[in-house]
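Structure at a glance
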Amino acid sequence: MNWLVKTLGSSIGKKLLMALTGLSFCGFLAGHLAGNLFIYGGRDAFNAYAEHLQSLRPLLTLAEAGLVLFALIHVMTGLLLFYQNWTARPDRYAVNKTAGGRTIGSATMPYTGVILLLFIIFHLFHFTFVDKTNQTIFDIVLISFQNPLYVTLYIVVMLIAAIHVSHGFWSAFQTVGLNHPKYMPLIQGLSLAFSIVVAAGFGFIPVYMSLMA
Amino acid sequence: MTKTINITLKIWRQKTAQDKGGFETCHASGISTDMSFLEMLDVVNEQLTLDGKEPVSFDSDCREGICGQCGAVVNGRPHGPEKATTLCQLHMRHFKDGDVLAIEPFRAKAFKVVRDLIVDRSPLDKLIQAGGYVSTNTGGAPDANSVPIPKDIADKAMDAAACIGCGACVAACPNAAAMLFVSAKISHLALLPQGKPEAAKRAMSMVCTMDELGFGNCTNERECEAECPKEISIVNIARMNREFFKSAFFSAVM
Amino acid sequence: MLESRTPGGPLADKWDRHQFELKLVNPANKRKFEIIVVGSGLGGGAAAASLAELGYNVKCFCIQDSPRRAHSIAAQGGINAAKNYQNDGDSIWRLFYDTIKGGDFRARESNVYRLAQLSVNIIDQCVAQGVPFAREYGGLLANRSFGGAQVSRTFYARGQTGQQLLLGAYSALSRQIAIGKVTMFPRREMLDLVMVNGQARGIVARNLITGEMENHAADAVVLATGGYGNVFFLSTNAMSSNVTATYRAYKKGALFGNPCFTQIHPTCIPVHGSYQSKLTLMSESLRNDGRVWVPKTPGDTRAPDQIPESERDYYLENKYPSFGNLVPRDVASRNAKEQCDLGKGVGETGLAVYLDFRDAIKRDGKDVIGQKYGNLFQMYEKITAQNPYEIPMMIYPAVHYTMGGLWVDYNLMSNIPGLFVLGEANFSDHGANRLGASALMQGLADGYFIIPYTIGGYLAGTSLPKISSSAPEFQAARKEAGSRIHKMMAINGNRTVDDFHKQLGKIMWDYCGMSRNDEGLSKARIMIQELRSEFWKNVRVPGTDGDLNQSLERAGRVADFLEFSELMIIDALTRRESCGGHFNEAFQTDENEARRDDENFCHVSTWEYAGDAQEPVFHKEPLEFENVHLTQRSYK
Ligand SMILES: Cc1cc2nc3c(=O)[nH]c(=O)nc-3n(C[C@H](O)[C@H](O)[C@H](O)COP(=O)(O)OP(=O)(O)OC[C@H]3O[C@@H](n4cnc5c(N)ncnc54)[C@H](O)[C@@H]3O)c2cc1C
Ligand code: HEM
Ligand code: FES
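Residues numbered from 1 in each chain as written. Chains lettered and ligands numbered in written order. Predicted model: local features only at pLDDT ≥ 70, side-chain atom pairs only at ≥ 80, totals over all residues. Heavy atoms only, no water.

1. Digging into the interface of chain C and chain B
The criterion, for reference: It only takes one pair of heavy atoms within 4.5 Å for two residues to be counted as in contact. Two parts lose some accessible area (1.4 Å probe) when they are put together, and adding that loss for both gives the buried area. Basic side-chain nitrogens of Lys or Arg form a salt bridge, by our definition, when they fall within 4 Å of a carboxyl oxygen of Asp or Glu. Polar contacts, as used here, are pairs of N or O atoms within 3.5 Å; protein pairs need one atom able to donate a hydrogen and one able to accept it. Residues neighboring in sequence count only if both atoms are side-chain atoms. A run of H or I in DSSP becomes a helix once it reaches four residues, and a run of E becomes a strand once it reaches two; helices and strands are each numbered from the N terminus. Side-chain classes follow a simple rule in which Ala, Val, Leu, Ile, Met, Phe, Trp, Tyr, Cys and Pro form the nonpolar group, Asp, Glu, Lys and Arg form the charged group, and the remainder, Gly included, forms the polar group.
Taken together, the contact between chain C and chain B spans 75 residues of the former and 76 residues of the latter. When the buried surface of chain C facing chain B is broken down by residue, Arg69, Tyr275 and Lys382 of chain C rank first, second and third, together holding 11% of it. Between the two partners, chain C and chain B, sit 6 salt bridges. Asp143 of chain B is paired through a salt bridge with Lys83 of chain C; the nearest N and O atoms lie 3.1 Å apart. Our count for the chain C to chain B interface comes out at 45 residue pairs in polar contact (both at pLDDT 80 or more). Listed by contribution, the elements that provide at least two residues to the side of chain C that touches chain B are α3 (42-54), α5 (109-129), α6 (161-179), α11 (366-384), α12 (439-460), α14 (497-511) and α16 (550-574) of chain C. Looking at the side of chain C that touches chain B, the element that brings in the most residues is α6 of chain C, giving 9 residues. Here the side of chain C that touches chain B is built from residues that sort into 29 nonpolar, 27 polar and 19 charged.

2. Observations concerning the packing of aromatic side chains
Convention followed: Within 6.5 Å between ring centres, the rings of Phe, Tyr and Trp (the latter by its six-membered ring) count as paired, and their orientation is classed by plane angle as stacked under 30 degrees, edge-to-face over 60, tilted in between. Accessibility here uses a 1.4 Å probe with only protein chains present; expressed as a share of the type maximum, an area under 20% marks a residue as buried, one over 50% as exposed, and anything in between as partly exposed. Whether a charge sits over a ring depends on NZ of Lys or CZ of Arg being within 6 Å of the ring centre and within 35 degrees of the ring normal.
All told, the structure shown has 52 aromatic pairs over all chains when counted by the stated rule. Residues Phe256 of chain C and Phe564 of chain C carry aromatic rings whose centres are separated by 4.9 Å and whose planes lie at 45° to one another, so their mutual orientation is tilted. Taken together, the positions of Phe256 of chain C in strand β10 (residues 256-257) and Phe564 of chain C in helix α16 put the pair 308 residues apart, joining distant regions of the chain. The class of Phe256 of chain C is buried, set by a relative accessible area of 0%. Judged by centre distance (4.9 Å) and plane angle (70°), the ring pair of Phe377 of chain C and Tyr389 of chain C falls under edge-to-face. In this pair, Phe377 of chain C sits in helix α11 while Tyr389 of chain C sits in the loop between α11 and β15 (393-402), placing the two residues 12 residues apart along the sequence. Here a set of aromatic residues connected by ring pairs shows up, and it is made of Phe119, Phe122, Phe127, Phe145, Tyr150 and Tyr154 of chain A. The aromatic ring of Tyr137 of chain C is capped on one face by Lys151 of chain B, whose charged end is 5.5 Å from the ring centroid. Stacked on the ring of Trp536 of chain C, the Lys or Arg Lys487 of chain C has its end atom at 4.8 Å from the ring centre.

3. Notes on empty space enclosed by the protein
Residue and element names in this part refer to chain C. Basically, it comes down to this: Only protein atoms enter the 1 Å grid used here, on which a cavity is any set of points holding a 1.4 Å probe that cannot leave and a pocket is any open set flanked by protein within 12 Å on both sides along at least five of seven lines; residues with an atom within 4 Å of a point are listed as lining. Grid points are joined across faces, edges and corners, and a volume is the space filled by probe spheres set on the points. Note that the domain bounds were set by an automatic or database domain assignment.
Here the structure, examined in full by the defined rule, presents 14 cavities of 30 Å³ or more. Quantified by volume, the second largest cavity comes out at close to 180 Å³. Taken together, 15 residues line the second largest cavity, and the ones lying closest to its centre are Leu191, Ile485, Met488, Leu552 and Gly556. At the level of elements, β6 (188-196), α7 (244-251), α13 (472-491) and α16 are the ones that each hand at least two residues to the lining of the second largest cavity. If you tally residues by element for the lining of the second largest cavity, the top one is α16, at 5 residues. A per-class count over the lining of the second largest cavity returns 6 nonpolar, 2 polar and 7 charged. Both of domain 1 (28-246 + 405-460) and domain 3 (492-609) provide at least three residues apiece to the lining of the second largest cavity.

4. Some words on the pattern of salt bridges
All names here are of chain C. In this structure the tally under the stated criterion is 69 salt bridges over all chains. Across the salt bridge formed by Asp192 and Lys252, the nearest N and O atoms sit 3.2 Å from each other. One end of the pair, Asp192, is in strand β6; the other, Lys252, is in the loop between α7 and β10, with 60 residues separating them in the sequence. Arg358 is the salt-bridge partner of Glu309, the closest N and O atoms lying 2.7 Å from each other. In this pair, Glu309 sits in the loop between β12 (291-295) and β13 (312-313) while Arg358 sits in helix α10 (residues 358-364), placing the two residues 49 residues apart along the sequence. According to the relative accessible area criterion, Glu309 is partly exposed, its value standing at 40%. Accessibility expressed as a relative area gives 32% for Arg358, which makes it partly exposed. Three or more residues are tied together by salt bridges with common partners; here these are Asp104, Arg106, Arg575, Glu577, Arg596 and Asp598.

5. A word on the domain arrangement of chain C
Residue and element names in this part refer to chain C. Taken domain by domain, chain C holds domain 1 (28-246 + 405-460), domain 2 (266-397) and domain 3 (492-609). Relative to domain 3, the C-alpha centre of domain 1 lies at a distance of 25 Å. Contacts between domain 1 and domain 3 engage 25 residues on the former and 35 residues on the latter. Interface area for domain 1 against domain 3, summed over the two sides, is near 2,300 Å², with a carbon-plus-sulfur share of 62%. For Glu577, the salt bridge identified is with Arg106, shortest N-O distance 2.9 Å. For the pair domain 1 and domain 3, the interface holds 12 residue pairs in polar contact (both at pLDDT 80 or more). Classifying every residue of the side of domain 1 that touches domain 3 gives 13 nonpolar, 8 polar and 4 charged.

Next comes the structure, spelled out in structure tokens:
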């Protein structure tokens, strides 16, 4: 097993961890978004969806544990990489200029990542770990988004998520070695499309809910 | 058309690796736009010498863009602002009269400044020593045509082998990673039948050595590819990653 | 004194037989020997790697920060080999003959034949190392015809053949460094050869970073330090190319062979200003499609497209109807100079001729021409900011290669026992003129396939007492090198090193360049002596000698050029004929072609150092041609 530690501890190994966990998050985001669409079906549809999810409990627990584990890996490795990369250039340049390789997404990964982490924690306390004996989840969401502050917060964070994913998505493919001149443009296109879907899909929900009320 | 221009240079001066170093300003006047960047520095150095000062130390040898010995960061760009151009092949016609240029050495933990603009790039040699070769002794090679190599494979290998080892990829990378350099060598040899027998060992050894030498990690920023004077593509990095995974998960290499 | 040690027997069997006759070193004993290799180019890199593979302990030195940057890296065109893969009639014999003839019959038959034989192994070896040579669609190796050869025998890797071959040798070297069989000393400059009991036993080198002097002892010393073209200041050589290593060996008693034989390459980007630091070669292959011309009337300053066909002088095509633009390098160069001397040169300086692709583009289309020469056109445009698809290229000859070098015998050993010389640094297999794509071949043949055998013969058959690197001989050499440096630093005069170098270069170019005459050579000799004495009074070397000091490095090299250039002049004055790269105006045919004198000058001229104030002593090695017939070259 020593070899596995060595492999995953190497620079490319760490990247592999980032890519696999990151891609799973993308999968999660897609699933989460799909589920959230039930909100447009109204109170009953959405609550039914939530109940149905809960009825899958043992599976759901597994998925949650997996997500937490992946999040730990993604966050810890991401922070480690950030630290190592920072110290790989102890004397910085006086003038920094890009040659055109970097994008907003790529240049801000650690920062957007940390914001996402904070948001996720907030988000969990906001909607997941709340007392649902007297209210349904739909109502909790509905009431929350009466507050324009929450609406703004969610929209901004979803834009940030989109920025993170706009780089993360294609980058994960590159990391696992899937870069072919024929398909790379497609993957990069998908990356952009996915980030737009994330921003628009999640971002519109708070708007819709605030309008509904 | 040939013109002459005057420019101001803010050059990094540092006597030894231990010194702190800092910027010094000097003026390059009457610079012909036909000069190369290094010829401009030659002119500055001649003047400094005559003024009783110490000239700026900078590396160069072939001055035709192939040896990889030259290199400095000009206004934040390794080898200056032109695409696919080494510093020795950069011409002053790409600058304007009155420009102010900051000239710094390539910076990375793995590249110590030796003096002024000269850095120690010996870690790149160490990387090659870690496996950037085919283990064949002189003599005993089979006839060169005994193993046909499809043209497109040979071409791809050549694309990767075109690396001049200047270190601009490291200098350009926001993380001071050497991935493009290492991947170019791993790709060059992994593509060719001659390099295949050792591909797994090579990939593991070179990647681990790269980490030990203090280079950063890749975050796919693509600055290396954009700055590489030989336009080496990050497709090679993806190939290196594949070779590394093959080595780690599907070979006997430990 | 000049024992060439050429083995007997038929030409084709000499090398085989010699290999057998050479004593072998017991494999277990090889690790007891220490060998110094100075230089990490094709010659040195290949030698260091191959010797280490055999088990010798090798110390390898180079000036650059990495062995991969030796100037072999800059070779563009290709490497010859008598593989006959194209089925067009090539053979070892033909390559041998072409090389001997191209060299104007001033090289040793036995050596050149061996070179042609080994050329075949070189390609095999390089492919095994992973050198990505150009290939055909079927997967086999591609060839091109080069340098006016009638067969396609040149192997190439795009326009970067030298780079790829060097990286092959460098990878083999790196492997040995990793194993610990080679200790690499980059950023070191050899300043002297150390002899003990008449044998070459080590060197004194300066650490270019710390300024420290280092003594290195060994059982044999191999010099592969490249050519001395930079004596002309402007050349296609790298900035650090020098004569120091070989010249210092000369001063220790090694004979210098044919110092005046220099090759001036016809297709280089012209000089455009006094600040210029080097000249860039444009591959010779351009002459396959480009037409060389100048305006018919001297002083015509019209733009090239304003000059009608009838007022253009395609002088090569007119003068040499059968070879046209493809005449050998020396002929093409001399003719360009002649046209410019007549006032017909073009460009701002009047020192250039046109190389025009208009007709080729009209005939084949821009795409075809682009495919063939696109990267060269791009490089030209980068430097000159002119687009050769639209405006004819301007070219002018430039110093490119030095055929002269330390004299060596068939074993590549100089007259000093234990001092071996490889690659461009030896007086070489190229006679008076080198054919395209043959220097890479020679460097690799020397390093991979000759020295590993011949050095064994020497080591096995020689008594080599143990010595220490602090022996008095080392201390003396080190002290002398140190005091030269101190002397230079102390002058603190008014002229920079480059200033002297440029002046020396101009003298050499004007009087000892493409075309020479007795009067000019004699004048140049005096000018050099004066310049040298001024150098030692008036040079300014800033900084200190205790750390990295590039002015000091250059000063040492220029000081040696200032002495060595005189040797070139003496050699040029002594060779009373014209041949290859040496053209003395007094010896030309009625058609202004070089006139050889085979009766009196069919020999290698070598020079022995006799003291700073003394004339060097002349020795000659007569060249005997048993297998080829000496003919006058004609390209009409
Ligand atoms: C622009 C150009 C294009 C060419 N194209 C071709 C071509 O297409 N085909 C062909 O066959 N030939 C070509 N040649 C010629 C050929 O490249 C060279 O002759 C050959 O590569 C020389 O190899 P070498 O090993 O002898 O020396 P180099 O490669 O010059 O190596 C010299 C080595 O010696 C070291 N050294 C020198 N002096 C010292 C010192 N004092 N102390 C310590 N180390 C020292 C240097 O650091 C270097 O490592 C070309 C040459 C040039 C300049
Ligand atoms: C919904 C949440 C998230 C998703 C979908 C996501 C997705 C991704 C993806 C796909 C990558 C690309 C991996 C690669 O380049 O190979 C990535 C990289 C990264 N992520 Fe996340 N991520 C999320 C949350 C986070 C969080 C909470 C952090 C917290 C620190 C973070 C930090 C990073 C960093 C620093 C990188 C760049 C690492 C590198 O390129 O080497 N991410 N992410
Ligand atoms: S000096 Fe050789 S690449 Fe610039």
